[in-house]
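Tertiary structure, described
The residues making up each chain are set out below.
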Amino acid sequence: MKETIRIRYFTDEIEKLEYIDGKSDWIDLRCSEETVMKAGDFRLIPLGVAMELPRGYEAHLVPRSSTYKNFGIIQTNSCGIVDGSYCGDEDMWRMPALAMRDTVIHVGDRIAQFRIFKNQPEIVFEEVEHLGNASRGGFGSTGVK
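Here the structure is a predicted model, which means the values were calculated and not measured. (Residues numbered from 1 in each chain as written. Predicted model: local features only at pLDDT ≥ 70, side-chain atom pairs only at ≥ 80, totals over all residues. Heavy atoms only, no water.)

1. Things to note about the overall build of the protein
- Summing up its helical and strand segments, the protein has one helix and 11 strands in all.
- Shown N-terminal to C-terminal, the secondary structure of the protein runs as helices and strands in the order β-β-β-β-β-β-α-β-β-β-β-β.
- Scaling as 2.2 N^0.38, a compact globule of 145 residues should have a C-alpha radius of gyration of about 15 Å, whereas the protein reaches 19 Å, well beyond that.
- Considered along the principal axes of its C-alpha atoms, the protein spans approximately 60 × 40 × 30 Å.
- The buried share among the 145 residues of the protein stands at 32%.
- Excluding contacts between residues fewer than 6 apart, the proportion of contacts in the protein whose partners are at least 24 apart in sequence is 75%.
- Of the roughly 10300 Å² that the protein leaves accessible, carbon and sulfur atoms contribute 49%.
- Looking at charge distribution, the protein has the averaged site of its 18 positive side-chain charges lying 7 Å from that of its 23 negative ones. (Helix = DSSP H or I, 4+ residues; strand = E, 2+ residues; numbered from the N terminus. Rg over C-alpha atoms; globule rule 2.2 N^0.38 Å. Buried < 20%, exposed > 50% of the residue type's maximum accessible area, 1.4 Å probe, protein only. Contact = heavy atoms within 4.5 Å. Areas by Shrake-Rupley, 256 points an atom, 1.4 Å probe, with all protein chains shown as cover. Lys, Arg positive; Asp, Glu negative; His and termini not counted. Charge placed at Lys NZ, Arg CZ, Asp CG, Glu CD.)

Below is the structure:
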């Protein structure tokens, strides 16, 4: 079953989003305003879209694999989560970025990607004295190789 995402574009200067069936289920996002950054600068890079996600879904926003190589920026929150309530007319998606070198990101440059996930089901925590499972040896115990 296909889900529908209502989308508002803030500019005509970026390409419309498209889902490319069979290639990937991640959808590229583009910079919507010329962004000049010096090494060490932080910016909320505008992505030029606001969306109403399907009920019960959230979006995960991450850099494209080539973003650091091409632009020298890293996303400061590692993975941005856009919940379904962030869907107003002025709720433009942005990528929080830190420049590791001087860079210019042009309108239309693909810098991020997203996909949607179903929200976590409602859960209840049950407190116990013992879990009753074999221990794996603690955090980081699986070794390097």
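Structure shown, so let's carry the discussion forward.
2. Remarks on the sheet that holds strand S9 (residues 94–99)
- Spatial ordering of the open sheet is given by S4-S9-S7, a layout of three strands whose pairing is antiparallel. Edge strands, defined here as strands with exactly one partner in the open sheet, are strand S4 (42–46) and strand S7 (73–75). Taken pair by pair, the neighbouring strands of this sheet meet at an average axis angle of 40°, ignoring direction.
- Inspection of the sheet shows S4 paired to S9 by five bridges, in the antiparallel sense. Residue Leu44 lies in a different strand from S9, and its bridge partner there is Pro96. (Pairing = 2+ DSSP bridges. Axes fitted to C-alpha atoms, helices over the stretch in contact; angles between N-to-C directions.)

3. Remarks on the sheet that holds strand S8 (residues 80–82)
- Ordered by their spatial adjacency, four strands build an open sheet running S2-S11-S6-S8, and the pairing between neighbours is antiparallel. On the outer flanks of this sheet lie strand S2 (27–30) and S8, each paired with one strand and no other. When the angles between neighbouring strand axes are averaged without regard to direction, this sheet yields 35°.
- Two elements, S2 and strand S11 (residues 110–118), share four bridges in a ladder whose sense is antiparallel. The partner of Asp28 across the bridge, within S11, is Gln113.

4. Some thoughts on the environment of Asp102
- Assignment of secondary structure puts Asp102 in the loop between S9 and strand S10 (103–105).
- Here the alpha-carbon distance between Asp102 and Ile73, two residues 29 residues apart in the chain, equals 9.2 Å.
- Residues in contact with Asp102, not counting those within four places in the same chain, are Met37, Lys38 and Ala39.
- Looking at Asp102, its side chain comes within polar contact range of the main-chain nitrogen of Ala39, at 2.9 Å. (Polar contact = N/O pair within 3.5 Å; in protein donor to acceptor, adjacent residues only side chain to side chain.)

5. Section: the layout of surface pockets
- One number sums up the size of the largest pocket: a volume of about 560 Å³.
- Lining the largest pocket are 18 residues, and of these Glu3, Ile5, Tyr19, Ile27 and Ile116 sit closest to its centre.
- Elements with a contribution of two residues or more to the lining of the largest pocket: strand S1 (6–9) and S11.
- It is S11 that contributes the most residues to the lining of the largest pocket, three residues altogether.
- Here the residues of the lining of the largest pocket are counted per class, giving 11 nonpolar, one polar and six charged.
- Considering only enclosed or pocket space, the second largest pocket measures out at about 300 Å³ in volume.
- Counting residues per element, the ones that place at least two in the lining of the second largest pocket are S2 and S11.
- Across the lining of the second largest pocket, the residue classes break down as four nonpolar, two polar and eight charged. (1 Å grid on protein atoms, 1.4 Å probe; cavity = no way out; pocket = protein on both sides within 12 Å on 5 of 7 lines; lining within 4 Å. Points joined across faces, edges and corners; volume = space filled by probe spheres on them. Nonpolar A, V, L, I, M, F, W, Y, C, P; charged D, E, K, R; others polar.)

Everything listed here is a matter of coordinates, which is why it stays silent on function.
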